[in-house]
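# Breakdown of the fold
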Amino acid sequence: MFEWLISPLRSLVAVLAAHDSSRQVAAGVAIGVVLGLVPKATLVAVLLGVLLCALRVNKVAGLTAASLVGMLAPLADPFTHKLGLKVLTVPSLQPTYSYLYDAPLGAWWGLHNSVTCGSLLVGLYLSYPVYLVTRGLVDRLRPAAVRWILKYKLGRLLMGVQITDKLSAGLGLGR
Amino acid sequence: MTRYIRLGYLVPRLVLLVVLFCLLEFGSGWALKRAMIAGGQAAIGARVEVDRADVSVVETRATLTGLRIANPQRPMENLLEAEKIEIDFESDSLLRRKAIADHGSVRGLRFGTPRETSGALNPDDEQASTAPGWLGDAAKQAVDQAAEKWIASLEAKLSGEYDDFESVRLAQDLSKRWPERFAAVAADAKALQAEVELLRDQAKEARANPLRNAEFLAKAPERVAQLRGRLANLHAELASLPTDVAADRRRVDQARLADETRLRERLQIDQLDPQSLTSQLLGERMTGAVRDVVGWVRWTREMVPATKPGRSVTPRDRGVDVHFVGVRQRPDLLIRQLEIAGSARLAGRPVELSGVVTDFTTSPALHGEPMRLTLHTTGGLPLEVRATIDRTGPQPIEELIVDCPTLDLPKTELGNAAKFALTMAPSTSSLSVSIRVEGERLSGDVQLIQDRVALTPTVGPSAGPLVTRLGGAVGERLANIARPATRVTLSGTLNDPHMALWSTLGPAVAESLETAAVTLARDEAERQLASTKQKVAGELASLERKLDEAMTKLTAQVDAPRLEIERLASGWIGEQLGRGTFSFEQLGKRLPTAESLFK
């Protein structure tokens, strides 16, 4: 029970201290940022969620990023709305949009909505820089973070070190 | 096998998919139920209850069971209740985020069923509808006052005793005047008699001493002539009396004729306004139903508000939905055909109803077709209802056509039961309703044609004796009115409807009442005229009697001096003087000259 309760916190700590590569964490954050930006009641958001869950990326990092960005996303709506509206009203692209919209599931994507379209474009535009910055930060901060976490009992508990040690002792494997 | 399939990877994801599917299958039912309740309550303003909602994403079918929508005007009553609503949506439309169904059905539809708990969302809303009647209180009072005035005027006319008849006055006047005249003639005759007797006495005295009465004797012929003249006048007057009496009788007869005409004019019955009577008799009854229909139309207008044609963008909570050029806009919800079956109580009779609603949509402007309802009922009240709710144009339009070929009307009491009411026996009629609301403008009419109507007057406890007599006089006149037609013509606006009530029943009743009142008035006139005639006849008979008596008496009175005068004039003085019979004129000539007498 206790294990189940602390697992989310443990997962959060694992973002920095786990064995996932920095690329996986960065990719998770990038997808999370895009997911956080787009309105959730669309197939785009569902697809991003599925991607986050299905791909070998750090899900906790992605979900955390999505949550944080999701809270701030409405602040960017004026800009994303203008951008989306500009893109969606390009005359030359109307037939394409019409075709896509009229296709099965076309309306469910929500791309005819100015904010969805604009925020997806902004998210896609930001995803690679976010990936690069996150990867660099993780590479730089991870050793110090692991050391800092392991310094505390709670940190070790969260990391599962104590349990592992106990299990090792119990099985007679030793250190 | 496990070498090729990673069960550890596959199984959790399959389980997740199954869970998601189950959530979708069962969760969407719950979501639909919540959406129905929240949306319905927001739209109707009263409690909406759904026992169960099932949505099958795979079969693209939604089923609602036990839908109850409370009546916002009467919270302890359901506006409608449906046992089961089934709608098969097109899967293709769902893929395009639209709920479009070719066919749906509503079973067990019932209206106006009672509720165990209040359907008001807010207890403060629990108030009865206060929609004003078409006939405002002031107008109703005016109609009531007009009817009261008519009866009061009738009562005043018929209950009054007229004593200002000219014929009676004249007869009484004659009865008083003629004795005076007789007395005057008698007095003249008596005076003449006295004069004659005086002359006779003087003549006797002249006989004894002619010389001393020479002057008398000289003037005697002149006096006799005067007396004879007066006697002739008296005779003439006596002879003229019957003629004068006959002339006076003619005057009395003429006065009596004039009195009769005047009495009939006085008892002329005022024209009873048939329109007012129609309003009083049928007003509330007929227009109450029409008011309900207008209320329903108003409710429909509130429930299905006018929608303007879609713009190129639709505002949302976040951003706008852009409508791309070339994309055919379709409504979010469209049910092309919704079959309805249920039961209701119409005019107090249970009926089974079935019908079809076509083109039911939340976006009629996009769909471009008005919503139509065709309803048939069977049972106690067979009728056909056709309704159109058009929101495709710039102005909302509602049309309602109801055709009921056989409408059994129960026994009904029309009018004020406390005073004077008419009881209408059960009858059969045909009803047709045609109402159109375009924008705010209301037009149309409701027509009711009854096969045969029998009305029985009922006099209430607070009715006066005249109304009782009137009720009796109306009697059988209203027992058989053939095919009376009643029409309510609608005009004005939806919020300020005007209704004009027209009916042949009002004029028929008015005519009967008038005829009865005229009969009463005629009887009253006959009674009063008979009484007058009797009075006049009495007076005239008395006059005749007095005349006869007076004539006999006067003749005797006049004859007495006449004989005396004749005797005097024919020679009585001469005899008295001893010189033979000769008249006064001769007497004057026979006297010796003065010289010879005094030689």
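Residues numbered from 1 in each chain as written. Chains lettered and ligands numbered in written order. Predicted model: local features only at pLDDT ≥ 70, side-chain atom pairs only at ≥ 80, totals over all residues. Heavy atoms only, no water.

## Points about the environment of Val459 of chain B
Just so we agree on the cut-off: Secondary structure elements are taken from DSSP: a helix is a run of H or I of four residues or more, a strand is a run of E of two residues or more, and numbering for both begins at the N terminus.
Along the polypeptide, Val459 of chain B turns up in strand β17 (residues 455-459). Sequence separation of Val459 of chain B and Leu470 of chain B is 11 residues, and the distance between their C-alpha atoms is 9.1 Å.

## Some remarks on the confidence of the model for chain A
The condition that has to hold: On a range of 0 to 100, pLDDT expresses the predictor's confidence in each residue.
A residue-level look at chain A finds 76% of positions with pLDDT of 70 or above and a mean pLDDT of 83. Highest mean pLDDT in chain A belongs to helix α5 (residues 77-88) of chain A (93); lowest belongs to helix α10 (residues 161-170) of chain A (57).

## Quick word on the pattern of salt bridges
Residue and element names in this part refer to chain B. So the rule is basically this: Criterion for a salt bridge: a side-chain nitrogen of Lys or Arg within 4 Å of a carboxyl oxygen of Asp or Glu. Under the scheme applied here, a residue whose accessible area is under 20% of the maximum for its type counts as buried, over 50% as exposed, and between as partly exposed, the area being computed with a 1.4 Å probe on protein chains only.
Per the stated rule, a full pass over the model turns up 27 salt bridges over all chains. The residue Arg61 makes a salt bridge to Asp88 at a minimum N-O spacing of 2.8 Å. Here the residue Arg61 occupies a position in strand β2 (residues 61-70), and Asp88 occupies one in strand β3 (residues 78-89), the gap between them amounting to 27 residues. Here Arg61 falls in the partly exposed class, since its relative accessible area comes to 32%. We note a salt bridge from Glu384 to Arg386, for which the minimum N-O separation is 3.4 Å. Residue Glu384 is classed as partly exposed on the basis of its relative accessible area of 27%. In the salt-bridge network here, residues are joined through shared partners; they are Glu49, Asp51, Arg68 and Arg115.

## Examining the interface of chain A and chain B
Heads up, the rule is: Residue contacts follow a heavy-atom distance rule, with two residues in contact if any of their heavy atoms lie within 4.5 Å. Accessible area that two parts lose when put together, evaluated with a 1.4 Å probe and summed over both, is termed the buried area. Any pair of N or O atoms that falls within 3.5 Å is considered a polar contact. Within protein, one atom must be able to donate a hydrogen and the other to accept it, and sequence-neighbouring residues count only if both atoms are side-chain atoms. Classes in brief: Ala, Val, Leu, Ile, Met, Phe, Trp, Tyr, Cys and Pro nonpolar; Asp, Glu, Lys and Arg charged; the others, Gly included, polar.
Contacts between the two partners involve 25 residues from chain A and, on the opposite side, 16 residues from chain B. The junction of chain A with chain B conceals about 1,900 Å² of combined surface from both sides, 53% of it contributed by carbon and sulfur atoms. Area buried by chain A at its contact with chain B is led by Tyr101, Trp108 and His112 of chain A, which between them contribute 26% of it. Where chain A packs against chain B, one counts 12 residue pairs in polar contact (both at pLDDT 80 or more). Elements represented by at least two residues in the side of chain A that touches chain B include exactly α5, α6 (94-102), α7 (106-109) and α8 (114-150) of chain A. The element best represented in the side of chain A that touches chain B is α6 of chain A, accounting for five residues. Tallied by class, residues from the side of chain A that touches chain B come to 15 nonpolar, eight polar and two charged.

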